[in-house]
Amino acid sequence: MAAIASPHPRFLAPSILAGDHAQLIEALDTVAAHFPIRWLHLDIMDGHFVPNLSFGPQTVADLRKRNKRLFFDTHLMLSHPDKYVEAFAQAGSDLICVHVEADHDIASTLHKIRELGCLRGLALNPDTPAAAVEPWLDQVELVLVMTVWPGFGGQSFISSTLPKMAELAQLRSDRGLNFRLEVDGGINTETALKCADCGVDTFVAGTAFFRAANHRQFIEAVCGPQADY
Ligand code: DX5
Ligand code: ZN
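In this text, all values refer to a predicted model and were calculated from it rather than measured experimentally.

Draft legend 1. Geometry of the site of ligand 1. What surrounds ligand 1 is a group of 20 residues, the closest being Asp43, Gly151, Asp184, Gly206 and Thr207. Here His75 contributes a side-chain N or O atom positioned 3.4 Å from an oxygen atom of ligand 1. A distance of 2.7 Å separates an oxygen atom of ligand 1 from a polar backbone atom of Gly151. The set of elements that each furnish at least two residues to the shell around ligand 1 consists of β2 (39-45), β3 (71-77) and β8 (202-205).

The structure is reproduced here in structure tokens:
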């Protein structure tokens, strides 16, 4: 697949959903111990948009108290994300990503996220076409292509999402846009490289990262041996 290279260095965003929820601090400290990891992915679930519940703003705020360095990439899998962007911004999120399929006025939610001082992300479920986010590509700093059905970690990568990544990378290039292109779900050293070939630059990994025998090797396998990160 002809790759439209990303303008961004590759970043890994470990998903703390895969950590021990009775001691998320341990998972946070594992991520924080591995510079050059810069991003932490926080999966917020409402049991309605997705059939699972995870954690809320208080957990994010407590994690932020513990770590001021990591970039908090907050993924709202909520039916009404507009109602919660302020709480997650105040909790310390750096970026707030909302689903295009959720029940909200997308332009208004993106405006609100920006007003709150956070970067803006739009997420697409596996069966949602790239066209669904086209109207807002110039209003976001990140597009998230879900590579599993949202709700649970540890699922298998859905390879039919690869063409959508390439399409979005092409749109980014054609329109001179600069959003990061992120993937999320079933990302490991093998699937990450398939996504990178499609122009992806930001990789969420929960299970594969936390289960890796050698985190440093995992990071370099996904992001390349970039010294400058
Ligand atoms: C699923 C979440 C993903 C998930 C990734 O709804 O959005 O971030 O935690 O988990 P793995 O990497 O375990 O597939
Ligand atoms: Zn996620």
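Draft legend 2. Structural detail: the coordination of the zinc ion (ligand 2). Within the protein, His41 (NE2), Asp43 (OD), His75 (ND1) and Asp184 (OD) serve as the donor atoms for the zinc ion (ligand 2), at 2.0 to 2.3 Å. What the 6 donor atoms of the zinc ion (ligand 2) show is an angle range of 66 to 172° at the metal, which sorts the shape as octahedral. Read in sequence order, the donor residues coordinating the zinc ion (ligand 2) give the pattern H-x1-D-x31-H-x108-D. On the criterion of sequence distance, the pair formed by Asp43 in strand β2 and His75 in strand β3 is long-range, its members being 32 residues apart. In this structure His75 comes out as buried when scored by relative accessible area, which is 0%.

Draft legend 3. Region of interest: the sheet that holds strand β1 (residues 11-14). The strand order β1-β8-β7-β6-β5-β4-β3-β2 describes an open sheet built from 8 strands, whose pairing is parallel. Single-partner strands in this sheet number two, and they are β1 and β2. The average undirected angle you get between the axes of adjacent strands in this sheet is 25°. Bridging between strand β4 (residues 95-99) and strand β5 (residues 119-124) involves 5 bridges; their strand directions are parallel. Within β5, the position partnered with His99 by the bridge is Ala123. The strands touched by helix α4 (residues 106-115) are β4 and β5; relative to β5, the strand with the most contacts, the crossing angle is about 145°.

About the thresholds
- Residues numbered from 1 in each chain as written.
- Chains lettered and ligands numbered in written order.
- Predicted model: local features only at pLDDT ≥ 70, side-chain atom pairs only at ≥ 80, totals over all residues.
- Heavy atoms only, no water.
- Near = heavy atom within 4 Å.
- Polar contact = N/O pair within 3.5 Å; in protein donor to acceptor, adjacent residues only side chain to side chain.
- Helix = DSSP H or I, 4+ residues; strand = E, 2+ residues; numbered from the N terminus.
- Donors = N, O, S within 2.8 Å, 3.2 Å for Na, K, Ca; no water.
- Tetrahedral: all angles 85-135°; square planar, octahedral: opposite > 155°, others 65-115°.
- Buried < 20%, exposed > 50% of the residue type's maximum accessible area, 1.4 Å probe, protein only.
- Pairing = 2+ DSSP bridges.
- Axes fitted to C-alpha atoms, helices over the stretch in contact; angles between N-to-C directions.
- Contact = heavy atoms within 4.5 Å.

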